[in-house]
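Examining the three-dimensional arrangement
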Amino acid sequence: MGQIVGRVEAIWRYPVKSMLGERLEAATIGSGGLVGDRAYALWDHATGRVASAKNPRLWRDLLGYAARCLEPPQAEAAPPAVAITAPAGGHAPSEAARMISSDPAVDSWLSQRLGREVSLLDQSPQGASLDQYWPAVQQREFQDVVNELVLPPGTFFDSCPIHAISTASLERLRQLEPQLDFAVERFRPNLLIRPEAGASGFVEESWIGHTLAFGADLKLHVSDGCPRCVVTTLSQGELPEDLEILRATARHNNVVAGIRLSVSNPGDVNVGDPVVLLG
């Protein structure tokens, strides 16, 4: 038995790293994370790195693209084909604005639009890494520099397989900085959790070190808080670029918003599921 601490408000999957993803009503979380999440990434031939909006000097435009799975992905199977939709504008009307990952022309289509030679991968190369830019935010270790981030072996994740944030954390940031738009989409979580009535502030940080249970089988271990990066500040969808989002998170919570989780036991998760805090 445990304590119900909230309910699942929303679920997201991001089939291609650093592109916009898809909001789901239900998902399967396997041993390696939410099935189909970050199943693909772009490989930049010039740098020999994974393309990531963490380096907006090269890859901010990726957040203008959207990807969705054409079929439900299955655990322990090759990822299904995804449809990639390019941002509007900047190309002749006759050019296709949508491409399927299984199309042999996908690499040239992406390379032409992004202005760099890239390949769409569904397997992470050994030792894969990306470049991350650290903007001028006082509370961060680095200032206005780019350095290398080595990805967990065999994945396209930055660090953890699952990321969650609570509606309470977002509301607290809005209370502290009401002039800023702390839209959940800026934080690109897999799970948005609405805490039980009466909970406020950065409540999910009190779950660190514990296990959360969802539905009949799924159990996720809360590893630590999630330090935010430059991606939260970039233009994506209808959201404008705003560095103050990251600076405010630094001022009020040491740059942390949300939690990072690992999978203790795979299972399914649905919008509306109770979130149970186990001992």
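In what follows, the accompanying structure is described. (Residues numbered from 1 in each chain as written. Predicted model: local features only at pLDDT ≥ 70, side-chain atom pairs only at ≥ 80, totals over all residues. Heavy atoms only, no water.)

Concerning the side chain of Glu177
Structurally, the position occupied by Glu177 is in the loop between α3 (167-176) and β14 (191-195). For Glu177, a relative accessible area of 8% gives the class buried. Of the polar contacts made by the side chain of Glu177, one reaches the side chain of Arg251; its length is 2.9 Å. There is a polar contact of 2.8 Å between the side chain of Glu177 and the side chain of His252. Not counting the four nearest positions on each side in its chain, Glu177 is found in contact with Phe182, Ala248, Arg251 and His252. (Helix = DSSP H or I, 4+ residues; strand = E, 2+ residues; numbered from the N terminus. Buried < 20%, exposed > 50% of the residue type's maximum accessible area, 1.4 Å probe, protein only. Polar contact = N/O pair within 3.5 Å; in protein donor to acceptor, adjacent residues only side chain to side chain. Contact = heavy atoms within 4.5 Å.)

Considering the packing of aromatic side chains
All told, the structure shown has 2 aromatic pairs when counted by the stated rule. Between Tyr65 and Trp109, the aromatic rings sit 6.4 Å apart at their centres with planes inclined by 85 degrees, giving edge-to-face as the arrangement. Of the two residues, Tyr65 is situated in the loop between α1 (56-59) and β7 (66-69) and Trp109 in helix α2 (residues 106-114); the sequence distance between them amounts to 44 residues. Each member of the pair, Tyr65 as well as Trp109, is classed as buried. Relative to Phe142, the ring of Trp134 lies with its centre 5.0 Å away and its plane at 65 degrees, an arrangement referred to as edge-to-face. Looking at Trp134, the relative accessible area reads 13%, which means it is buried. (Phe/Tyr/Trp six-rings, centres within 6.5 Å; stacked < 30°, edge-to-face > 60°.)

Focus: the pattern of salt bridges
Using the criterion set out here, one finds 15 salt bridges in the structure. In this structure, Arg13 engages Glu22 in a salt bridge whose closest nitrogen and oxygen atoms are separated by 2.8 Å. Glu22 shares its class with Arg13; the two are buried. Across the pair Lys54 and Asp158 runs a salt bridge, and its minimum N-O distance is 3.7 Å. (Salt bridge = Lys/Arg side-chain N within 4 Å of Asp/Glu carboxyl O.)

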